[in-house]
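# Structure at a glance
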Amino acid sequence: MKSSLLRLGLGGCALLPLLAQAAAQIGAPAPVKAPPEPTPILLQADEIVYDEDKKMVSAVGHVEIADQGRTLIAERVEYDQASDKVTARGHVSLTDARGNVAFADHVVLSDHMRDGVLQGFGALIGKSGRLAALGAERVNGNTVIAHRAVYSPCIICNKPGATRTPLWQVKAERIVYDQNGHNVRFTNATIDIKGVPVVWVPAFSVPDPSVKYATGLLTPEVGNSTKIGYFLRQPVYVAISSSQDLTLAPMVSTTGGEMLEAEYRMRWNNGGMWFQGSGAYNPAGGLSGSPGAQTYGHLFGSGRIGLGDISRVGFDIQTTSNNGYMRFYDISFLDRLVNDLFVEATPGRSRMALSSYYFQGLRSTDVTSRIPYVLPKLEFSYIPVAKVAGGSLRFDVNGIAIGRDNGRNDQRLTSEINWKIPTVFGNGQLWTFVLDARGDSYHFDVPRGAIATTNSMIERGTAYAALDWRWPFLSQGGGGRSYILQPVAQAIAQPYGGNPTGLRIEDAQDFEFNENNLFAVNQVPGYDLIESGPRANVGFMAEALLPGGKIEAQAGQTYRLKPDPKFTAFSGNSGTASDLVGSLSLKFPNLDITDRIDMDRGNGNVRRHELYVTGSYHRSSLQISYVQLPTSVVNLGLPSREQVNAQADLNLFDNWQIFVAGQRDLHANQFLNTEFGLGYEDECLAISLAYRRKYTQDLLLGVPPSTSVILRFSLKTGDEGIQPFSLFPKDVFALTHP
């Protein structure tokens, strides 16, 4: 009898268990509350046999039963009404409501196929997890207990001639899979790699492959360093809740002592916080010129706490107990630490903020008494939504109090009002007229032991009128291409002066004239130093919008009637004409190139040049950066620099990675850092070996050059795919990473 003729009748037969349950309930005493209505069982098969004497219903041939989200497929299924049990034989598969699939030769099920006993058991867990056993039981509808079982998250290759042994697997006397807790527990287990037993463990557990995060061990690091000897670092991840977690990373070494790193993260609806810290004990000591055993520590952190819809409080922490500690243990290579605390409100388009800053210098040449702290800094901007006299109005108040331990303190209060009105003419020209007026008041304290040579109070005021002209030309090309060329010219009328004698320059020590401030009316950062005198900024901006990305370019110069004495020859903006500055950038999905240049106005020599290239293809990537910077003698005392950084991550034979990175000082003709690595990664295993050499040193802080060899090994248990830069870091020479 064919299933196409039987499905309606079989549906009624399939409901017999539910009818029997309903009859039993009718004859029983009335319960306290009405039982839930029975849900239909859907069944299809080639043939149905009903034995009235034994009260047995048998489905034979291509049997498929669906009940409450669970599906049973087998060659033969028998339902015993007396015991309310379902017995399935022949290529049995059972899919639960979560999508997990179990296979068996013989299955006995009860309670709407929630519980049962399985022989010759196998199961799919998540996308890649596999569990097999001689026998298993399913209890409470959500727990599988497997006996003499094997488990692996690895994908088994089904190609002809390929090995059927997973890369790694766990063989155990007993495996318990908790589907609600997404956890797999092993008892009396052996971990095999390529079929070879490697380690025996009495008991342990892992999350199933569907889990995104769970408490457990992370990838360990084993290696050797010329600074701390042989070392072992084992991170432990603690999933506190869905919105907070903790990572602990103890490290032991043969000559560098012990260290414990910790990271805590927490998020909520309108904010969050993050802390990262460490503590170390080094019996050898020697950092910062102090012999003997030493204890060190550091703390980094950040937090943002919302106070309603328009206000928030925030803080950032960077501090360490020893100037050479983080560099010695490869925690961070920052040489300036910044701490701040602020409260801000943003009603509409306006903003108010009150903040304070504390700085810590880690260079051996830093003098603590000269490092400033800010308490407080005031920022207020009022921008009305409605137009004022047809244009946009902005009113700003900015104040700051700077203190130092040596008594060199100063305070500043600035107010500024700005009004501008744009006008678009019929041929597409955009003219913007700007009026601006500003006043500053300064108070200076005389450092201890010094003699006052200037006034302790300075006031100044300045104003300018500016006219900004832009005329964009747009061309539509074929294939979704668009081209934009926009010449730009700005004329600023402003009186000379504005930087009186005795003014302390706090926030404009390092001025760099480039394409980012080319079309700014006041090109100098901060408030202390201002431009003065009539001047003009002239240049162009161009953009090509292509189907797969875009190309942007801009260039220009500044012209003055006479030189501004505050701009030195090193700034690129001295004299009556500035250097020619420009940039070119290409941004495509797998290629990003940015080129920035500063050409001397007199002889055309390149004074500053920066080139950044990032390319990727599947799991391979290339990053190159080249920097040529001019001397910053006047204020910062920094020499000219020319440096190139390069790193390549090359994928070979699908799963192998070769990593090469170098950082070289071209002026000194020597390397600063190098790193080489080899790694392998697939869906269930990641292993890498890296060799790192640091050539820099700071003898005063006790940080010598170093050589390190680091081995990382991880047995993966998740469904996540292989991610780029998972074996080696994306920015290996970043200041906050080793």
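All of these numbers come straight from a predicted model, not from anything done at the bench.

The omega torsion of the bond from leucine 375 to proline 376 falls at -5°, within 30 degrees of zero and hence cis. Structurally, proline 376 is set in strand E24 (residues 373–382). The phi dihedral of aspartate 330 is positive, around 55°, even though this residue is not glycine. Structurally, aspartate 330 is set in the loop between helix H3 (325–328) and strand E22 (336–345). If you check the backbone angles, aspartate 654 has positive phi at about 75° while not being a glycine. With respect to the helices and strands, the residue aspartate 654 is situated in the loop between strand E37 (641–652) and strand E38 (656–665). The exposure class assigned to aspartate 654 is exposed, which follows from its relative accessible area of 62%.

Bringing the side chain of serine 625 into the picture now. Considering the arrangement of structural elements, one finds serine 625 in strand E36 (residues 620–629). On the basis of relative accessibility, which here comes to 15%, the residue serine 625 falls in the buried class. Ignoring sequence-local partners within four residues, the contact set of serine 625 consists of Leu611, Tyr612, Gln643, Val644 and Asn645.

Attention now goes to the packing of aromatic side chains. Across all of its chains, the model carries 16 aromatic pairs by this definition. Between the aromatic rings of phenylalanine 186 and phenylalanine 204, the centroid separation amounts to 4.7 Å while the plane-to-plane angle is 15°, which identifies the pairing as stacked. In this pair, phenylalanine 186 is assigned in strand E11 (residues 183–193) and phenylalanine 204 in strand E12 (residues 196–207), connecting sequence segments 18 residues apart. Its relative accessible area of 2% is what places phenylalanine 186 among the buried residues. On the basis of relative accessibility, which here comes to 22%, the residue phenylalanine 204 falls in the partly exposed class. Taking 5.0 Å as the distance between ring centres and 35° as the angle between the ring planes, the aromatic pair formed by tryptophan 471 and phenylalanine 473 counts as tilted. Look at tryptophan 471 and you get partly exposed, because its relative accessible area is 24%. The class of phenylalanine 473 is partly exposed, set by a relative accessible area of 41%. Members of the aromatic cluster, each reached through a chain of ring pairs, are Tyr296, Tyr325, Phe328 and Tyr329. In this arrangement the basic side chain of lysine 227 is found over the ring face of phenylalanine 328, its NZ or CZ atom lying 5.5 Å from the centre. Across from the ring centre of phenylalanine 671, 4.6 Å away, lies the NZ or CZ of arginine 664, which sits over that ring.

With that out of the way, let us pick up the nonpolar core. The biggest cluster of nonpolar side chains holds 45 residues, and the ones touching the most others in it are Leu72, Val77, Phe121, Leu131, Ile175 and Phe186. At five residues, strand E10 (residues 168–178) tops the list of elements feeding residues into this core. For valine 77, the contacting residues outside a window of four places in its chain are Val57, Ser58, Ala59, Val63, Ile65, Leu72, Val86, Thr87 and Ala88. Listed in part, the 17 residues of the second largest apolar core include Ile228, Tyr296, Phe328 and Ile331.

Let us now look at the pairing of E24. By the bridge criterion, seven bridges tie strand E23 (residues 351–361) to E24 in an arrangement that is antiparallel. Counted as the bridge partner of arginine 351 is serine 381 from E24. With eight bridges connecting them, E24 and strand E25 (residues 392–403) associate as antiparallel partners. Paired with serine 381 across the two strands is aspartate 396, which belongs to E25.

Okay, the pattern of salt bridges next. Applying the stated criterion to the full structure yields 39 salt bridges. A salt bridge links lysine 227 to aspartate 330; its shortest N-O distance comes to 3.2 Å. With lysine 227 in the loop between strand E14 (221–225) and strand E15 (229–233) and aspartate 330 in the loop between H3 and E22, this pair connects stretches of sequence that are 103 residues apart. Note on lysine 227: relative accessible area 10%, which makes it buried. The shortest N-O distance in the salt bridge between arginine 596 and glutamate 512 comes to 3.7 Å. One end of the pair, arginine 596, is in strand E34 (residues 591–599); the other, glutamate 512, is in the loop between strand E30 (482–493) and strand E31 (535–546), and 84 residues separate them in sequence. Members of the salt-bridge network, linked through shared partners, are Glu512, Glu515, Asp579, Arg596, Asp598, Arg601, Arg607, Arg608 and Glu610.

Mapping arginine 470 onto the fold places it in strand E28 (residues 457–470). A distance of 2.9 Å separates polar atoms of two side chains, one belonging to arginine 470 and the other to aspartate 468. Ignoring sequence-local partners within four residues, the contact set of arginine 470 consists of Gly428, Gln429, Leu430, Gln486, Pro487, Val488, Gln490, Phe519 and Met541.

Definitions and cut-offs
- Residues numbered from 1 in each chain as written.
- Predicted model: local features only at pLDDT ≥ 70, side-chain atom pairs only at ≥ 80, totals over all residues.
- Heavy atoms only, no water.
- Helix = DSSP H or I, 4+ residues; strand = E, 2+ residues; numbered from the N terminus.
- Buried < 20%, exposed > 50% of the residue type's maximum accessible area, 1.4 Å probe, protein only.
- Contact = heavy atoms within 4.5 Å.
- Phe/Tyr/Trp six-rings, centres within 6.5 Å; stacked < 30°, edge-to-face > 60°.
- Lys NZ or Arg CZ within 6 Å of the ring centre and 35° of its normal.
- Core = buried A, V, L, I, M, F, W, Y, C linked by side-chain atoms within 4.5 Å.
- Pairing = 2+ DSSP bridges.
- Salt bridge = Lys/Arg side-chain N within 4 Å of Asp/Glu carboxyl O.
- Polar contact = N/O pair within 3.5 Å; in protein donor to acceptor, adjacent residues only side chain to side chain.

No statement about biological role is implied by the geometric values presented.
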